[in-house]
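Descriptive structure summary
Listed below are the residues making up each chain.
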Amino acid sequence: MAMKRTKTPWMKAEDFGRSLPHGVGVNLLVTDMAAMEAFCRDALGARIIYADEDFAAIELLSSIFMLHADHSYLDNPMTGVTAGAETRGAGIELRLYGADPDTIEKKAAALGHIVLAGSIDKPHGLRECYIVGPDGYVFVPSARI
């Protein structure tokens, strides 16, 4: 594992891992940590728990997910999956239930992110939009109608 980190992490990796609740976890491999961190904070309204050049822990809608820089995954099996990929997570929607799609759409557009589909009421009872973040990950903020 190649690390660029120059500061001391806020907690040991094994302590953070043990602190995670049961459930589904999301880890996004990213080419530009600062860009994805800014997108999560500024467009999605996430709270950055911790971030450095290698890793970030993000809280969004009472859930925690992680960002890992590509270089920190050099000895991980996922390296073969992402090597040479222009867009990450093809076919995956990162759905953000309880997030205001209209607000996030406006923020994302103002910040220069791609709005794949604008906010609209859907037949399944949600108002949602599709926003493309750094590395091509698609986020779908959704609110009950």
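This text goes with the structure placed above it.
Residues numbered from 1 in each chain as written. Predicted model: local features only at pLDDT ≥ 70, side-chain atom pairs only at ≥ 80, totals over all residues. Heavy atoms only, no water.

Along its length, the chain carries four helices and eight strands. Going residue by residue from the N terminus, the α and β elements of the chain occur as α-β-α-β-β-β-α-β-α-β-β-β. A buried classification covers 37% of the 145 residues belonging to the chain. Put simply, of all contacts in the chain between residues at least 6 apart along the chain, 57% involve residues at least 24 apart. With an accessible surface of roughly 8300 Å², the chain has 55% of that area assigned to carbon and sulfur atoms. (Helix = DSSP H or I, 4+ residues; strand = E, 2+ residues; numbered from the N terminus. Buried < 20%, exposed > 50% of the residue type's maximum accessible area, 1.4 Å probe, protein only. Contact = heavy atoms within 4.5 Å. Areas by Shrake-Rupley, 256 points an atom, 1.4 Å probe, with all protein chains shown as cover.)

Take the pattern of salt bridges next. Going through the model one piece at a time under the given rule, you end up with nine salt bridges. Where Arg95 meets Glu93, a salt bridge forms, and the shortest distance between an N and an O atom there is 2.6 Å. Note that Asp121 is salt-bridged to Arg127, the shortest N-O span being 3.0 Å. On the basis of relative accessible area, Asp121 is assigned to the partly exposed category, the value being 43%. One connected set of salt bridges, linked through shared partners, spans Glu93, Arg95, Lys122 and Glu128. (Salt bridge = Lys/Arg side-chain N within 4 Å of Asp/Glu carboxyl O.)

Turning to helix 4 (residues 101-110), a few remarks are in order. Given 3.6 residues per turn, any residue in an α-helix points the same way as the ones three and four places further on. For helix 4, the full list of buried residues reads Pro101, Ile104 and Ala108. For helix 4, the angular spread of buried residues about the axis comes to 65°, placing them on one side. Residues of helix 4 that are exposed and angled more than 90 degrees away from the buried face: Lys106 and Ala110. Capping of helix 4 at its N-terminal end is provided by Asp100; its side-chain oxygen lies 3.0 Å from the backbone amide nitrogen of Asp102. Downstream of helix 4 by a residue or two, Gly112 has a phi angle that is positive, lying close to 90°. (Arc of directions from axis to C-beta. Polar contact = N/O pair within 3.5 Å; in protein donor to acceptor, adjacent residues only side chain to side chain.)

Right, let's talk about the environment of Ala56 for a bit. Within the secondary structure layout, Ala56 lies in strand 3 (residues 55-60). For Ala56 and Ala69, which are 13 residues apart along the polypeptide, the C-alpha to C-alpha distance reads 8.9 Å. Each residue touching Ala56, except ones within four places of it in the same chain, is listed here: Met33, Tyr50, Ala51, Phe65, Met66 and Leu67.

So, on to the sheet that holds strand 8 (residues 138-144). An order of 5-8-7-6 is seen for the four strands of this open sheet, with the pairing classed as mixed. Of all the strands in the sheet, just strand 5 (93-97) and strand 6 (114-121) have a single pairing partner and so form its edges. Put simply, the sheet's adjacent strands are angled 15° from each other on average, direction ignored. As defined by bridge partners, strand 5 adjoins strand 8 across five bridges and the pair is classed as parallel. Paired with Tyr97 across the strands is Ser142, a residue of strand 8. Across the face of the sheet, helix 4 comes into contact with strand 6, strand 7 (126-132) and strand 8 while running at roughly 20° to strand 7. (Pairing = 2+ DSSP bridges. Axes fitted to C-alpha atoms, helices over the stretch in contact; angles between N-to-C directions.)

The next thing to look at is the nonpolar core. With 27 residues, the main nonpolar core has Leu28, Met36, Phe39, Leu67, Tyr137 and Phe139 as its most contacted residues. Contributing elements (two or more residues each) for this core: strand 1 (27-30), helix 2 (33-43), strand 3, strand 4 (63-69), strand 5, helix 4 and strand 7. In terms of residue count, the dominant contributor to this core is helix 2 (five residues). Residues contacting Leu28, with those up to four places away along its chain left out, are Met36, Phe65, Met66, Leu67, His68, Leu94, Tyr137 and Phe139. Listed in part, the five residues of the second largest apolar core include Phe16, Phe55, Ala57 and Met66. (Core = buried A, V, L, I, M, F, W, Y, C linked by side-chain atoms within 4.5 Å.)

Nothing here speaks to function; it is all geometry.
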